[in-house]
Amino acid sequence: MPAARPLSAAPPAPGAPNREAVAALYRAHARELWRALGRLGVQPAAVEDALHELFIVVQRRLPEFEHRAAIRTWLYAIAVRIARKFRDRARRHSFEPPAEDWPSRDRGPDQALLDAEALRMLDALLAELDEDKREVFVLHEVEELSAPQIAAILEVNVNTVYSRLREAKRAFARAHARRRLLGRDVR
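Residues numbered from 1 in each chain as written. Predicted model: local features only at pLDDT ≥ 70, side-chain atom pairs only at ≥ 80, totals over all residues. Heavy atoms only, no water.

*Asks:* Explain the packing of aromatic side chains here, please?
*Replies:* Here the distance between the centres and the angle between the planes together describe a pair of aromatic rings. Counted according to the given criterion, the structure contains three aromatic pairs. Considering the side-chain rings of phenylalanine 65 and tryptophan 74, the 4.9 Å spacing of their centres and the 50 degrees angle between planes classify their relative orientation as tilted. One exposure class covers both phenylalanine 65 and tryptophan 74, and it is buried. Ring centres 4.7 Å apart and planes at 25 degrees place the aromatic pair phenylalanine 137 and phenylalanine 172 in the stacked group. Of the two residues, phenylalanine 137 is situated in helix α5 (residues 131-142) and phenylalanine 172 in helix α7 (residues 158-181); the sequence distance between them amounts to 35 residues. (Phe/Tyr/Trp six-rings, centres within 6.5 Å; stacked < 30°, edge-to-face > 60°. Buried < 20%, exposed > 50% of the residue type's maximum accessible area, 1.4 Å probe, protein only. Helix = DSSP H or I, 4+ residues; strand = E, 2+ residues; numbered from the N terminus.)

*Asks:* Help me out: how do you make sense of the environment of alanine 152 in this one?
*Replies:* Structurally, the position occupied by alanine 152 is in helix α6 (residues 147-154). The exposure class assigned to alanine 152 is partly exposed, which follows from its relative accessible area of 43%. Between the C-alpha atoms of alanine 152 and alanine 77, which are 75 residues apart in sequence, the distance is 7.8 Å.

*Asks:* Sorry, what's going on with the side chain of arginine 134 here?
*Replies:* On the secondary structure map, arginine 134 appears in helix α5. Among buried Asp, Glu, Lys and Arg side chains, arginine 134 stands out as unpaired, with aspartate 123 the closest opposite charge at 4.9 Å. Among the polar contacts listed, one links the side chain of arginine 134 to the backbone oxygen of arginine 39, at a separation of 2.9 Å. (Lys, Arg positive; Asp, Glu negative; His and termini not counted. Salt bridge = Lys/Arg side-chain N within 4 Å of Asp/Glu carboxyl O. Polar contact = N/O pair within 3.5 Å; in protein donor to acceptor, adjacent residues only side chain to side chain.)

And the structure:
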């Protein structure tokens, strides 16, 4: 079994066995994509399904990957489209808050409780953003992608990314202030 590549490593060479390549991509990127899908609004019960669907798309489309963008950018573009699909599906059904982060064994129960509460607050604040702004905000502030990377992922002009990000930050700050005024503890 090949070792996992670091996040910045290049994708497998064309002609490499597709199954092994997808497995290597999964090992290298599943954790960050799990988190991104949850922050992008996929319901908790559906994050695992969304991640599975994402890697089915990767399995199918990897032979077509042309290396015009970084593999991470390509994966996030797929994640955004999958998240949109799952949000649309959820809108037609019931609402649940977004998923918790990838399970971790490193935290004690007190820290896990504080982390879970912080994530619930983050998700509540993110839920107040419209979808376009939420996507840009999550990709930039949570996933730490650059504006040009986000522009490539969302297939929009980089100036559009900057505009959405500026508006998202303002809306996020207003939502945060509103929650503090209403007495909902947001740290």
